[in-house]
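Fold and geometry: a report
Take a look at the letters that make up each chain.
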Amino acid sequence: MTNIAILGFGVVGGGVAKLITDNYKEVLRLGGDEINIKYILDLRDFPDSPFADKVVHSFDVIAEDPEVDTVIEVMGGSHPAYEYTIRALEAGKNVITSNKEVVANFGDEFLNIAEKKNVSYRFEASVGGGIPVISPMISCVGQNKISEVRGILNGTTNYILTKMFTFGDSFEESLKDAQEKGFAERNPDADILGTDACRKIAILGALATGNLIPTDKIHTEGITKIRGEDVEASAKVGLKIKLLGRCIISDKGVQIMVAPFMLRDSEALSTVSGVYNAIEVVGEPIKSAMFYGPGAGAGPTASAVVGDLMQIMQSGTKCAKPVMNKTDEHLLPFSDFESQSYIAVKGGCENCVKGAFGEVQFIDADGEIAFITAKMSEAKTEEALKALSDKGIEIKSRIRLL
Ligand code: HSE
């Protein structure tokens, strides 16, 4: 019998309990042992829930019960998730989480304790919801010379951008819809400002390089500045706007970022719509492998959490373990990053644009001048934008191209 405790009975915690109950035959076959949800930790009571008698309000009960093999932390946030994770690992319990915030901030520390205590710390659900990508990064593609891992890592923003592109819906309407469907974070700023995707690319970057780059060192932009006009202009030249996390690895070092990018139709990631996420791993000799699936929501996230439990039950302490060191030693300055850009300005003339940027591709736009630049560094692009601003030209938008 495997006894588990679930920390947090919200969307994901409820999804985990439901999956284990509804799919009991499947989890028994795969895990090879009976599973007992012994405790559910939450501040609230759930008198009408079939799990009402499992609810406890103190973590001590769980930490001090030697029968609990595995703790499933699906509370979200850094605290007290951090303290509970440390206590559970120190008490010799495996920990599984969907909480990208704690993995991105403290994953290195948790993995070290897990190693010392000979238990597992697993976090498949922390990136890409239901998509198996963490395990494949650890066990199946990590032996490649990875040159880039990039992806659509936030379901809420992809849902919003898809609705704006497909139906011309407003940003606010689309966000409200995503919140009602349970995709968004408790505070949706983490989605729309790119913070959630930043945590996820930090985790993927750590798996690709062994180095967990502190999230405050990752250049992060959200989608709040994207206008209907930009979505329309991009469609005219066969481009789609997606919020991407990118970790680019070269002999010179690592570039890591979250920002909206315009993608050509030929890019596999441009076809990923709605709440779906996808992660592309580019390297040698594999070339490119893409992992695709639902990136948020109770069921998909629970599927990834219970998948980790199945692996622990199958492999015990022999579960594959990643190595992470927290460092920004190899991080290159963002000002060196090179890309083409879509830019929209108001006022000025096409010759002023060419004077600042050289040859560009103009896009037909109502009342604005929109254009796509050649590939330039961030530093050079900022310099050219400043030259336009200094002439009194208003910069309405800038989005990089993949
Ligand atoms: N708010 C997140 C998203 C949930 O929309 O992707 C899954 O991490």
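1. Focus: a negative patch on the surface
Taken together, Glu229, Glu232, Asp364 and Asp366 make up a surface patch of like negative charges. Structurally, the position occupied by Asp366 is in the loop between β17 (361–363) and β18 (369–372). Taking the relative accessible area as the measure of exposure, Asp366 reaches 78% and is therefore exposed.

2. A word on helix α10 (residues 195–209)
Each full turn of the α-helix corresponds to 3.6 residues, which orients residues three or four apart in the same direction. Compared with an ideal rise of 1.5 Å per residue, which puts 15 residues at 21 Å, α10 spans 21 Å between its outermost C-alpha atoms and is within 8% of the ideal. The buried fraction of α10 is high, at 12 of 15 residues. One or two positions beyond α10, positive phi appears at Gly210, with a value near 85 degrees.

3. Quick notes on the packing of helix α13 (residues 350–357) against helix α14 (residues 378–390)
Packed helices, taken two at a time, are described by the angle their axes make and the gap between the axes. Relative orientation of the contacting elements α13 and α14 amounts to 145 degrees, with a least axis distance of 9 Å. Two packed elements cross with a definite hand, and for α13 against α14 that hand is right-handed. Taking contact as the criterion, the partners of Cys352, Val353, Ala356 and Phe357 in α13 are, on α14, Thr381, Ala384, Leu385, Ala387 and Leu388.

4. Focus: the domain arrangement of the protein
Along its sequence, the protein is carved into domain 1 (2–130 + 298–322), domain 2 (134–294) and domain 3 (335–401). Computed over C-alpha atoms only, the centres of domain 2 and domain 3 are separated by 24 Å. Taking both sides of the interface into account, the surface hidden between domain 2 and domain 3 amounts to around 1400 Å²; carbon and sulfur atoms contribute 58%. There are 2 salt bridges connecting domain 2 and domain 3.

5. Let's talk about the pattern of salt bridges
One pass over the structure, following the stated rule, counts 29 salt bridges. Across the pair Asp196 and Lys100 runs a salt bridge whose closest N-O atoms are separated by 3.2 Å. On the criterion of sequence distance, the pair formed by Asp196 in helix α10 and Lys100 in helix α5 (residues 100–117) is long-range, its members being 96 residues apart. Of the charged contacts, one joins Asp177 and Lys181 as a salt bridge, the two residues approaching to 2.9 Å between their closest N and O atoms. Judged by relative accessible area, Lys181 falls into the partly exposed class, the value being 45%.

Each value, and the rule that gives it
- Residues numbered from 1 in each chain as written.
- Predicted model: local features only at pLDDT ≥ 70, side-chain atom pairs only at ≥ 80, totals over all residues.
- Heavy atoms only, no water.
- Patch = residues over 30% accessible without salt bridge, like charges linked within 9 Å, V, L, I, M, F, W, Y side chains within 5 Å.
- Areas by Shrake-Rupley, 256 points an atom, 1.4 Å probe, with all protein chains shown as cover.
- Salt bridge = Lys/Arg side-chain N within 4 Å of Asp/Glu carboxyl O.
- Lys, Arg positive; Asp, Glu negative; His and termini not counted.
- Charge placed at Lys NZ, Arg CZ, Asp CG, Glu CD.
- Helix = DSSP H or I, 4+ residues; strand = E, 2+ residues; numbered from the N terminus.
- Buried < 20%, exposed > 50% of the residue type's maximum accessible area, 1.4 Å probe, protein only.
- Expected span 1.5 Å × (residues − 1).
- Axes fitted to C-alpha atoms, helices over the stretch in contact; angles between N-to-C directions.
- Left-handed = near helix turned anticlockwise from the far one by under 90°.
- Contact = heavy atoms within 4.5 Å.
- Domains from an automatic or database assignment.
- Buried area = accessible area lost by both parts, 1.4 Å probe.

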